[in-house]
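One-letter residues, chain by chain:
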Amino acid sequence: MANATPRRNGITRQGHYAGAISRLLAFLVDMAIAWGALILILLTISIAAALITGHAYRVTQFRAAGLVVTCLWYPIYFAYQWGLGGKTLGMAVFGLRVVTSEGRPIDNRHAWLRTLILPISIALFGLGLLGIVFRVDHRGWHDRVAKTCVVYDWDAFGARLRWLARQGELPPGAAAVRR
């Protein structure tokens, strides 16, 4: 994949394969966001049904419908965001992006294929995720099948210098690195 771009006062991680911990943290943030959004969706459906029919409904009364909405929601949450910009909200927080194996932006086909294989990677006792921990390119089954990889997308060193510049606290010699 891509190599780091050397800088005078540090080395950027941009373009490097993302590690297991940052990917896990991004996934957990995404699951929390997706779960919260799902609760809002189910609550909205429940309220709309109550307003239309005049009867109060609880989600627990319609477990099958709730299961269908849940099974549709999570793939849409991930595939839509990956197809749109190559990252989910959780990945954006941790500076990660999904790209093709060649480093190009992914399209909807890659996003959906990755989304559909991800549950298989998890469901088989997590065996499909072992590559994220033990492979040099940190690719799980879903990455390899979809021909994608996850890389660091932002340059933390550059972001820190820009923040320090706005604060008027640039360290000595950092002006040469400023963009």
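Residues numbered from 1 in each chain as written. Predicted model: local features only at pLDDT ≥ 70, side-chain atom pairs only at ≥ 80, totals over all residues. Heavy atoms only, no water.

(A) How the structure looks around the packing of aromatic side chains. This structure, assessed with the given rule, holds four aromatic pairs. An angle of 85° between the planes, with centres 5.1 Å apart, marks the rings of tyrosine 77 and phenylalanine 78 as edge-to-face. Across this residue pair, the class does not change: tyrosine 77 and phenylalanine 78 are buried. By way of ring pairs, the aromatic residues Phe27, Trp73, Tyr77, Phe78 and Trp82 are connected into one cluster. The positively charged end of arginine 114 is found above the aromatic ring belonging to tryptophan 82, 4.4 Å away from the centroid. (Phe/Tyr/Trp six-rings, centres within 6.5 Å; stacked < 30°, edge-to-face > 60°. Buried < 20%, exposed > 50% of the residue type's maximum accessible area, 1.4 Å probe, protein only. Lys NZ or Arg CZ within 6 Å of the ring centre and 35° of its normal.)

(B) View of the environment of leucine 127. With respect to the helices, strands and loops of the structure, leucine 127 is situated in the loop between α4 (108-123) and α5 (130-134). Take leucine 127: its relative accessible area is 45%, and that puts it in the partly exposed class. It is 8.5 Å that separates the C-alpha atoms of leucine 127 and tryptophan 141, two residues lying 14 residues apart in sequence. Once you skip the residues sitting within four places of it in the chain, leucine 127 turns out to touch Ser121 and Trp141. (Helix = DSSP H or I, 4+ residues; strand = E, 2+ residues; numbered from the N terminus. Contact = heavy atoms within 4.5 Å.)

(C) Here's a closer look at a nonpolar patch on the surface. A grouping of Val68, Leu72, Ile76, Tyr80, Leu84, Trp112 and Leu116 is seen on the molecular surface, where their side chains present a nonpolar patch of about 740 Å² in accessible area. Here the element with the most residues in the nonpolar patch is helix α2 (residues 63-85); it accounts for five residues. By secondary structure assignment, the location of isoleucine 76 is in helix α2. Using a relative accessible area of 39% as the deciding quantity, one classes isoleucine 76 as partly exposed. (Patch = residues over 30% accessible without salt bridge, like charges linked within 9 Å, V, L, I, M, F, W, Y side chains within 5 Å. Areas by Shrake-Rupley, 256 points an atom, 1.4 Å probe, with all protein chains shown as cover. Salt bridge = Lys/Arg side-chain N within 4 Å of Asp/Glu carboxyl O.)

(D) Just the packing of α2 against α4, in detail. One way to put it is that α2 packs onto α4 with a least axis distance of 8 Å and a crossing angle of 150°. By the angle between their directions, the pair α2 and α4 is classed as roughly antiparallel. Of the two possible hands of crossing, α2 and α4 adopt the one that is right-handed. Residues Pro75, Ile76, Phe78, Ala79, Trp82 and Gly83 of α2 touch α4, and the partners they reach there are Asn108, Ala111, Trp112, Arg114, Thr115 and Leu118. (Axes fitted to C-alpha atoms, helices over the stretch in contact; angles between N-to-C directions. Parallel < 35°, antiparallel > 145°, perpendicular 65-115°, else oblique. Left-handed = near helix turned anticlockwise from the far one by under 90°.)

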